[in-house]
There are 2 protein chains.
Amino acid sequence: MFEFMTVRELYEMVMSGEEFETESLEYVELDGWVRTNRDNGKVGFIALNDGTYFRNCQVVYLKETLDNYDEVKRISTGSAIRVLGKFKLTPEAKQPFEIEATQVVIEGACDDDFPLQKKRHSFEYMREIPHLRPRANTFYAMFRLRSVLSMAIHEFFQSQGFVYVHTPLITSNDGEGAGEMFRATTIDNTDFDKDFFGKEAFLTVTGQLHVEAFCMAFRDVYTFGPAFRAENSNTSRHASEFWMIEPEIAFADLEDDMDLIEDMVKYCIEYVLDNAPEEMKFFEQMIDKDCIKRITHVRDSEFKRMTYTEAIELLEKADVKFENKVEWGMDLNSEHERYICEQIVGGPVFLTDYPKEIKAFYMRLNDDGKTVAACDLLVPGIGELVGGSQREERYDVLEKIMDEKGMAKEGLQWYMDLRRFGGCKHAGFGLGFDRFLMYLTGMQNIRDVEPFPRTPRNLKF
Amino acid sequence: MFEFMTVRELYEMVMSGEEFETESLEYVELDGWVRTNRDNGKVGFIALNDGTYFRNCQVVYLKETLDNYDEVKRISTGSAIRVLGKFKLTPEAKQPFEIEATQVVIEGACDDDFPLQKKRHSFEYMREIPHLRPRANTFYAMFRLRSVLSMAIHEFFQSQGFVYVHTPLITSNDGEGAGEMFRATTIDNTDFDKDFFGKEAFLTVTGQLHVEAFCMAFRDVYTFGPAFRAENSNTSRHASEFWMIEPEIAFADLEDDMDLIEDMVKYCIEYVLDNAPEEMKFFEQMIDKDCIKRITHVRDSEFKRMTYTEAIELLEKADVKFENKVEWGMDLNSEHERYICEQIVGGPVFLTDYPKEIKAFYMRLNDDGKTVAACDLLVPGIGELVGGSQREERYDVLEKIMDEKGMAKEGLQWYMDLRRFGGCKHAGFGLGFDRFLMYLTGMQNIRDVEPFPRTPRNLKF
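Residues numbered from 1 in each chain as written. Chains lettered and ligands numbered in written order. Predicted model: local features only at pLDDT ≥ 70, side-chain atom pairs only at ≥ 80, totals over all residues. Heavy atoms only, no water.

Colleague: Would you mind going over the relation of the copies chain B and chain A with me for this structure?
Modeller: The relation between the two chain copies is a rotation about an axis coupled with a shift along that axis. Overlay of chain B on chain A (RMSD 0.0 Å): rotation 180°, translation along the axis 0.0 Å. Overall, the copies show the geometry of a two-fold rotation axis. When the interface residues of chain B are mapped onto chain A, 100% of them again fall at the interface, so both copies present the same face. (Least-squares fit on C-alpha atoms with pLDDT ≥ 70 in both. Contact = heavy atoms within 4.5 Å.)

Structure (C-alpha cells):
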C-alpha cells in the first residue's frame, strides 16, 4: 500500500507537468534527514531531505491523527527518520506538494551538540567539520555539482572517443620545476636506496608527460585525477591536493587545442545548467548573483584569439594604471588578464604565443625562435581558466630547450624518446577541476569546493 | 575533395550494413602509426592504426602511381604518417576495405632501435617500456578496455543518482590495520611537527570512512579513485598504487548491498561487451579462451547467497583434500572460495555473515554476537571479487568493537560521531578496479592492466 519514493522522484513527477493520478500514489514511504521541525501543539511541519534532491519535502503531522505526536515534535535537526504518509498536491503553497504523515519512525536521533543547527555558520567554521558540512545547503549544493561536473567531463571526452588514462600518482619524475612536491616514502630518512621503490618517489604534480605516451598510441586521450603541490602558501586558490583534467590530442596543433578547450568549456556549462539547475539557482541566489549570467554568456560567446604580443601592445596603450608594469617578456598578472578579457574583448579570449622563457620546456617553439605555441584561456571574472600548448615534437629542439633551462635529462629520456619513435604533432591542456567549480559558482575559496581540503598545516581526517 | 576520416569511422560505416555511396567517400585522408609495412617492388601494404579502433586499416600503394614509392616502402614500424587515398570496399579480402594511397607523408619517423618490432615480446619485457607498450596489441586492447570499464562504472552509478565523491588521497587516518602505508612528507626525518601538515600524513588505503560521511548527506554515493598499499610483497595480484570503487548507500542493509553489487557487476560486463567488442574478442583469442564465456555466464546468472557458516559445513563435508584445514573462524583461502563457487554453486555466490574476528571494525555485528553483516562475492575462476558489508550504525556497539580490537579512537572520533548525528543503517562495498579488469580479460598480472604499474623497488617514470 505504501510506495517507496525518493524526494527527487516526487519533485520530478510533480514538475513534469504530466497529469498523474494522485490516487495511484496516495500513500508513500520516504526516509531522510530532518532539516527543520516545528509545531504549534496541533500541527507540526518537518522539512525532510533524503539526499537525492536539493529541495526538501514538507512533512505535515497532526496531533489528532499521529499516535506519537509528542515524540515527533521533539525530533531534532539532523535526525534520520522514516515517514509513511499521504501524498497531497498543494498548488497554492510554496512547495508543490506535502506528505501528511500517518507514521513517523526515528531511525537515528541527533545529539544536541550537532553543530549544524538552524543558524548560519561561517565557511571558516564549516571547514572544521568537513564530515558534517555536506549537510549544509552551500556544501550540499557544491558537492552534488562537483559530481555532476565530473560526469560532464567524462561524457564530453568519451562521447568523442577519447581514452581515459589513469596516469600514476607516485612518480620518479621530479616535476621539472612545476612546483614543490611531496615525497612518498616508507623510511624515516633520506637513504632512498633502502626506500620502498629503491629511489626517491614523489606525488605527481601533473599527468601530462605520462599521458603524452598514451596519446602516441590512442590519438585522443585524457586524464582526470588527483595532483599534488607542496607549496607552503596559504591562498584561497591553492590546495595541496586537487583534481586536474589533462587531455592530449595527436595530429593536432594549437588551433585544434583551442577548439577542443572551447567545446569542452561550453559543454560543461550546458551540462551543469541542465543537470544541476536547483544547485546553480542556489549559488545565484546565495553566493554570486551573476554566476548563471556569466557562464551563460561564456557558453554563448565565440572565444576570441589574440597573441601575447598583441595583448602587451594593448596593455601598453591602455589608459589604466596597473600595479605591475607592462613589458614584453613578463608573465601577465591577473589585473592584466582581466583587463584584456573584461575591458578589451568583453568575453572569453585565448592569449597565444607566449615568450618561451616564461613557459614550460615541452611547449613547441614557434618559427620566430622567441615564442612558444601556448594558449591561456582568459574568462571574465577570474582571468586564466585553462592553459594549453602544442608540444615540441622535434627531438633536437626539445633537447636544446631542456639544456637552455638547465634540466637534467636522464629521468626524462623516455619522454624525449617519444619523439624518436613515431612522434607527431600533438597538443593538450590542463584544467584545474576545483578552480573550474569556483568559476561556475562564484565560490571564493578552494577549501569550500573540495570534500576534505588539504592545505599547509591543515589535514582534517 | 579529401574527407578526413578516422579508422573507427571507416569501420563503423562499413560494418553498419547500411548502403552508402562509395562515390560520396571516394577520397579520404587518414593519419596514424605504421604497424607493418611490406612491399614486393610493385605494390606495398601498410597496416595503419590511428588509435581510434582496435583493428588496422590496410593502405595499398603502387609503384606505378605513388611518386615517393621508394621512400614509402622504407617507412619503418612505429612511424607516424598521413595518407591521402581512394577508399575501396574489398568484400573478398580479409579486411572489408582498403585505402589506395595517392599520397603518403611521413609525419614522424621511427628510429631503428624502436623496441616494438614485429616479433612478440614477453610481458616482462614490456613492463620495462610502459611508455611504448600501449602500442602493442595486448596493451592497446587493455588500456582502451580500462577506459571503457571506467565509464561503465560512472554511468552505472550516475544513472541511479549516486553522487561521486573525491575522497582525499592524503589522510591523517592511519588505515587501522588495513595494510602498510606510504607517508606523504616534505621533511627528511620524523619530526612531524615541522612536516607540511604539522603531523604525520599518509597515502590512503581506502576512501570508505570518508565517503560514509557523504553518504549521510547524499544517501547514495561512490568514490572511484586511487589507493595505495606499501606492502613489500611481490605477487601478481598486488600493486602499490591501484584504483578502487567504493559505493555507500544509506537506509540500506546487507541485502540491498548485495543487490547493488550484483547489478553493478552485470551492468559492467554488459557494457564492456557492447563497447569494447573487438578488444574482448582479442582477449578471448590471445589471452584466455574462456573469458567471454565466463563473464557472459556471470551476467546471466542469479547470484546465490550462502552464509559463511553454511560454507564451512559444506567444506567440512567435501570429499576434497584442501591444503589448509577447514574450521569455523578461519579466513577462507582461495582454494575454499573456488571450491564453493565452482564445485558447489557452479556460479557466482555471496558468502555472508563472517566471524567478527576476521573482519574489519566497522562491519555491523549480527544478533548472534559472533558474526558480522559482511559479504564477499565469489566468482568462478578467481574467487573473491568484491567485499562489502552493512556498517555498524550503533555508537555503543562500534565503540565496543573498536576497544576489543585495541584501536586508538581519537583519530576516528569524527567517524564515530556520524553515529551520533542522525546516523542510519547503511552499507557499502569495495571493488578493486584493476582486479576486475584482470577478471574480465584473464590477464594474470596486475602489472599488465595498469598504465604505469608501481610495485616494490619498481617505479618506472
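Moving on, there is more to tell.
Colleague: Would you mind going over the interface of chain B and chain A with me for this structure?
Modeller: The accessible area lost on association of the parts is a frequent measure of interface size. Each partner contributes residues to the interface: chain B has 103 residues there, and chain A has 104 residues. Taken together, the two surfaces of chain B and chain A that pack against each other cover about 8,500 Å², and 64% of this comes from carbon and sulfur. For the pair chain B and chain A, the interface holds 8 salt bridges. With a closest N to O distance of 2.8 Å, Asp 188 of chain B and Arg 183 of chain A form a salt bridge. (Buried area = accessible area lost by both parts, 1.4 Å probe. Salt bridge = Lys/Arg side-chain N within 4 Å of Asp/Glu carboxyl O.)

Colleague: For this particular structure, what's the right way to read the packing of aromatic side chains?
Modeller: Any aromatic ring pair is given by two values, namely how distant the centres are and how the planes are angled relative to each other. Evaluation of the coordinates by the stated rule reveals 74 aromatic pairs over all chains. Consider the rings of Phe 322 of chain B and Tyr 339 of chain B, whose centres lie 5.4 Å apart with planes at 85°: the pair is edge-to-face. Residue Phe 322 of chain B is found in the loop between α9 (308–317) and α10 (334–345), and its partner Tyr 339 of chain B is found in helix α10; the two are separated by 17 residues along the sequence. Like Phe 322 of chain B, the residue Tyr 339 of chain B is buried in the burial classification. Against the face of Tyr 354 of chain A rests Lys 359 of chain A, its NZ or CZ located 4.3 Å from the ring centre. Between Arg 144 of chain B and the ring centre of Tyr 140 of chain B, over which it is positioned, the NZ or CZ distance is 5.3 Å. (Phe/Tyr/Trp six-rings, centres within 6.5 Å; stacked < 30°, edge-to-face > 60°. Helix = DSSP H or I, 4+ residues; strand = E, 2+ residues; numbered from the N terminus. Buried < 20%, exposed > 50% of the residue type's maximum accessible area, 1.4 Å probe, protein only. Lys NZ or Arg CZ within 6 Å of the ring centre and 35° of its normal.)

Colleague: I keep staring at the sheet that holds strand β14 (residues 349–355) of chain A and nothing clicks. Help me out?
Modeller: By definition, the strands of a sheet pair up through backbone hydrogen bonds, in either a parallel or an antiparallel sense. Residue and element names in this part refer to chain A. If you trace the 8 strands from one edge of the open sheet to the other, you get β7-β11-β12-β17-β16-β15-β14-β13, paired in mixed fashion. Since the sheet does not close on itself, it has two edges, and those belong to β7 (163–164) and β13 (304–307), each with one partner. The sheet contact formed by β7 and strand β11 (residues 220–228) spans 2 bridges and is parallel. Pairing of Tyr 164 across the sheet is with Tyr 222, part of β11. Where helix α13 (residues 433–441) meets the sheet, it contacts β11, β12 (241–250), β15 (371–379), β16 (383–390) and β17 (426–432), and its direction lies at approximately 60° from that of β17. (Pairing = 2+ DSSP bridges. Axes fitted to C-alpha atoms, helices over the stretch in contact; angles between N-to-C directions.)

Colleague: Honestly, the pattern of salt bridges in this entry has me stumped. Any pointers?
Modeller: Oppositely charged side chains may form a pair once their charged atoms are brought near each other. Overall, the coordinates contain 72 salt bridges over all chains when judged by the stated rule. Measuring nitrogen to oxygen at the nearest pair gives 3.4 Å for the salt bridge that ties Lys 460 of chain A to Glu 128 of chain A. Taken together, the residues span a long stretch of sequence, with Lys 460 of chain A in the segment after β19 (458–459) and Glu 128 of chain A in the loop between α3 (123–127) and α4 (137–159) at a distance of 332 residues. Classification of Lys 460 of chain A as partly exposed rests on a relative accessible area of 23%. Ionic pairing is found between Lys 266 of chain B and Glu 262 of chain B, a salt bridge with its closest N-O pair at 2.8 Å. Of the two residues, Lys 266 of chain B and Glu 262 of chain B are both situated in helix α6 (residues 254–275); the distance of 4 residues between them amounts to about one turn of the helix.

Colleague: Explain the domain arrangement of chain A here, please?
Modeller: Residues and elements named next belong to chain A. Domain assignment breaks chain A into domain 1 (3–108) and domain 2 (128–164 + 252–448). Look at where the C-alpha atoms of domain 1 and domain 2 centre, and you get two points 45 Å apart. The partner domain 2 presents 8 residues to the 9 residues of domain 1 that form the contact. Across the domain 1 to domain 2 interface the summed buried area is about 780 Å²; carbon plus sulfur atoms make up 48%. Taken together, the connections running from domain 1 to domain 2 amount to 0 salt bridges. (Domains from an automatic or database assignment.)

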